Amino acid sequence: MSLLTAVVVFLVGFVSGVVVRTVAGLAAIVALLLVVFGVAAPDIGLINYIATQYYQGNELLFLAGLLFGIDAKQTRRIVVNRGTSSK
């Protein structure tokens, strides 16, 4: 995997984490409804190509970006507080 691919996968996870944090309640309700009704994602060639080419095998990198994205505000606040308290 190239460095560029790793950065892109991480950034996609990061953006996903920010989006999930922003609309977590709505996403949970939609996910529950999809599970209850057994609706699956449509078979779209581009999505399948991206998943098999870049995502498969990079799950941990995506998850790292997702978790950083979810906690970005809290992390930024803690880093800023540490920077001001050490001076």
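Residues numbered from 1 in each chain as written. Predicted model: local features only at pLDDT ≥ 70, side-chain atom pairs only at ≥ 80, totals over all residues. Heavy atoms only, no water.

**Quick notes on the overall build of the protein chain**
From N to C terminus, the protein chain includes five helices and zero strands. Counted from the first residue to the last, the protein chain has its helices and strands arranged as α-α-α-α-α. Across the 87 residues in the protein chain, those meeting the buried criterion constitute 13%. Taking contacts inside the protein chain between residues at least 6 apart in sequence as the whole, the part at least 24 apart equals 97%. (Helix = DSSP H or I, 4+ residues; strand = E, 2+ residues; numbered from the N terminus. Buried < 20%, exposed > 50% of the residue type's maximum accessible area, 1.4 Å probe, protein only. Contact = heavy atoms within 4.5 Å.)

**Details of helix α1 (residues 3–22)**
The end-to-end C-alpha distance of α1 is 29 Å, a good match for the 28 Å that 20 residues give at a rise of 1.5 Å each. For α1, the full list of buried residues reads Thr5, Ala6, Val9, Gly13 and Gly17. Along the axis of α1, the buried residues cluster in a sector spanning 115 degrees; they form a single face. Structural note: α1 exposes Leu3, Leu4 and Thr22 on the side pointing more than 90 degrees away from its buried face. (Expected span 1.5 Å × (residues − 1). Arc of directions from axis to C-beta.)

**Digging into the environment of isoleucine 70**
For isoleucine 70, the location among the structural elements is in helix α4 (residues 59–70). A relative accessible area of 34% places isoleucine 70 in the partly exposed class. Expressed as a C-alpha distance, the spacing of isoleucine 70 and valine 18, which sit 52 residues apart in the sequence, is 5.2 Å. The residues contacting isoleucine 70, other than those within four sequence positions of it, are Gly17, Val18, Val20 and Arg21.

**Some remarks on the packing of α1 against α4**
A pair of packed helices can be characterised by two numbers: the angle between their axes and the separation between those axes. Direction vectors running N to C along α1 and α4 enclose 40 degrees, while the axes themselves pass 6 Å from each other. The pairing of α1 with α4 is recorded here as oblique in orientation. The element α1 and its partner α4 pack so that their crossing is right-handed. Between α1 and α4, the residues in contact are Ala6, Val9, Phe10, Val12, Gly13, Phe14, Ser16, Gly17, Val18, Val20 and Arg21 and Leu61, Phe62, Ala64, Gly65, Leu66, Phe68, Gly69 and Ile70, respectively. In the contact of α1 with α4, the residues fall into 13 nonpolar, five polar and one charged. (Axes fitted to C-alpha atoms, helices over the stretch in contact; angles between N-to-C directions. Parallel < 35°, antiparallel > 145°, perpendicular 65-115°, else oblique. Left-handed = near helix turned anticlockwise from the far one by under 90°. Nonpolar A, V, L, I, M, F, W, Y, C, P; charged D, E, K, R; others polar.)

**Thoughts on α4**
Over its twelve residues, α4 extends 16 Å from the first C-alpha to the last, a length consistent with the 16 Å expected when each residue adds 1.5 Å. Considered for burial, the residues of α4 that qualify are Phe62, Gly65, Leu66 and Gly69. Buried residues of α4, viewed axially, fall in a sector of 100 degrees; they line one side.

**A look at the confidence of the model for the protein chain**
On average, residues of the protein chain carry a pLDDT of 74, and 79% of them reach 70 or more. Within the protein chain, the element-level pLDDT minimum falls on helix α2 (residues 24–37), averaging 71, and the maximum on α1, averaging 83. (pLDDT = per-residue confidence, 0-100.)

**Remarks on a nonpolar patch on the surface**
A contiguous nonpolar surface patch, about 910 Å² in accessible area, is contributed by Val15, Val19, Val23, Leu26, Ile29, Val30, Leu33, Leu34, Phe37 and Val39. If you list the elements that add at least two residues to the nonpolar patch, you get α1 and α2. Among the elements that take part in the nonpolar patch, α2 stands out by supplying six residues, more than any other. Here valine 23 shows up in the loop between α1 and α2. (Patch = residues over 30% accessible without salt bridge, like charges linked within 9 Å, V, L, I, M, F, W, Y side chains within 5 Å. Areas by Shrake-Rupley, 256 points an atom, 1.4 Å probe, with all protein chains shown as cover. Salt bridge = Lys/Arg side-chain N within 4 Å of Asp/Glu carboxyl O.)

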